[in-house]
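The lines below spell out each chain.
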Amino acid sequence: MFQDLENKKILDPPIPMGPENYQKISQAFFAKGKALFLWQDNPEFKKIKFQISSDAGFKNIAYNDASAQNFITVTKSLSAGNYFWRIKATGADGQDTEYSNIRAFTVTENEKLELLNPADKSEFDYSQGSDGIHLSWKRPEQSGNFLVEVSTSKDFSKIIDSK
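Residues numbered from 1 in each chain as written. Predicted model: local features only at pLDDT ≥ 70, side-chain atom pairs only at ≥ 80, totals over all residues. Heavy atoms only, no water.

**Q** Honestly, the overall build of the protein chain in this entry has me stumped. Any pointers?
**A** Helix and strand counts for the protein chain stand at 1 helix and 14 strands. Split into buried and exposed, the 163 residues of the protein chain put 28% on the buried side. Within the protein chain, contacts between residues at least 6 apart in sequence are counted, and of these 56% link residues at least 24 apart. Here the protein chain has roughly 11600 Å² of accessible surface; of this, 48% comes from carbon and sulfur atoms. (Helix = DSSP H or I, 4+ residues; strand = E, 2+ residues; numbered from the N terminus. Buried < 20%, exposed > 50% of the residue type's maximum accessible area, 1.4 Å probe, protein only. Contact = heavy atoms within 4.5 Å. Areas by Shrake-Rupley, 256 points an atom, 1.4 Å probe, with all protein chains shown as cover.)

**Q** Looking at this structure, I do not really get the pattern of salt bridges. What am I missing?
**A** Between side chains of opposite charge, a pair can form as their charged atoms come close. Applying the stated criterion across every chain yields a total of 2 salt bridges. Notably, a salt bridge pairs lysine 49 with aspartate 96, separated by 2.8 Å at the nearest N-O pair. Here the residue lysine 49 occupies a position in strand E6 (residues 45-53), and aspartate 96 occupies one in the loop between strand E9 (81-91) and strand E10 (103-108), the gap between them amounting to 47 residues. Notably, a salt bridge pairs aspartate 96 with lysine 88, separated by 3.7 Å at the nearest N-O pair. Taking relative accessible area as the criterion, aspartate 96 reaches 35% and is therefore assigned partly exposed. Here the residues in one salt-bridge network are Lys49, Lys88 and Asp96, joined through shared partners. (Salt bridge = Lys/Arg side-chain N within 4 Å of Asp/Glu carboxyl O.)

**Q** Is there a simple way to think about the sheet that holds E9 in this case?
**A** As a general point, the strands of a sheet are linked pairwise by backbone hydrogen bonds and lie either parallel or antiparallel. Taken in spatial order, the 5 strands make up an open sheet running E4-E10-E9-E6-E7, and their pairing is mixed. Pairing within the sheet leaves two strands with one partner each, and these edge strands are strand E4 (23-26) and strand E7 (61-67). With strand direction ignored, the average angle separating the axes of adjacent strands in the sheet is 30°. In this sheet, E10 lies alongside E4 in parallel orientation, the contact comprising 4 bridges. Paired with isoleucine 25 across the bridge in E10 is valine 107. (Pairing = 2+ DSSP bridges. Axes fitted to C-alpha atoms, helices over the stretch in contact; angles between N-to-C directions.)

**Q** For this particular structure, what's the right way to read the side chain of serine 100?
**A** Its place among the elements puts serine 100 in the loop between E9 and E10. Discounting residues that sit within four places of it in the chain, serine 100 has contacts with Pro13, Pro14, Pro16, Arg86 and Ile87.

**Q** Would you mind going over the environment of aspartate 93 with me for this structure?
**A** By the secondary structure assignment, aspartate 93 is in the loop between E9 and E10. Aspartate 93 gets classed as exposed once you look at its relative accessible area, which sits at 51%. Placed 47 residues apart in sequence, aspartate 93 and lysine 46 show a C-alpha to C-alpha distance of 9.2 Å. For aspartate 93, the side chain forms a polar contact with the main-chain nitrogen of glutamine 95, separated by 2.9 Å. (Polar contact = N/O pair within 3.5 Å; in protein donor to acceptor, adjacent residues only side chain to side chain.)

**Q** Help me understand the sheet that holds strand E3 (residues 16-18) in this model?
**A** Reading across the sheet, the 3 strands line up as E3-E5-E8 and stay open at both edges, with antiparallel pairing between neighbours. One side of each edge strand has no neighbouring strand; the edge strands of this open sheet are E3 and strand E8 (71-74). Neighbour to neighbour, the strand axes of the sheet diverge by 30° on average, direction disregarded. Bridging between E3 and strand E5 (residues 35-39) involves 2 bridges; their strand directions are antiparallel. Within E5, the residue paired with glycine 18 across the bridge is leucine 38.

**Q** It is not clear to me how the pairing of E5 should be interpreted in this structure. Could you clarify?
**A** Along a regular strand, successive side chains alternate from one face of the sheet to the other. A one-sided burial pattern is seen for E5, the buried positions being Ala35, Phe37 and Trp39 and the unburied ones Leu36 and Leu38. For E5 and E8, the ladder comprises 4 bridges, and the chain directions are antiparallel. Bridge pairing links phenylalanine 37 to isoleucine 72 in E8.

So, in structure tokens, the structure goes:
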């Protein structure tokens, strides 16, 4: 963790933890401010400088921020494509570490859900009573939560149920 050069302690760079190298992340996570990046905690680090770039040489910085924690939530929407991220720390003495190892990730377009049941434009008659409507869809490759809304209007201005 430390190297002692002429009685001066030099901090090793921070260690990226997540997302995993080459991980795919949906644009939705960035659009909703839920794209979480984290690194190994170190009490010697007072501030972390965080960068995302569209090139491995970091000539085209897409996002630049800082954190006093061991994580950062990216609040900027990123276009679909390949990106790279890195971090460096500032110690209590004000000295910066070298940049961390570079991690790569891919921002993917939001995946559309494919409705399986009920069929599109289905109509239901509740005059005889019903146990409800069974909804199902093809699960996308990426994980996440789903919001299901039922509306009496095509533009969803009159939502009658949301779960």
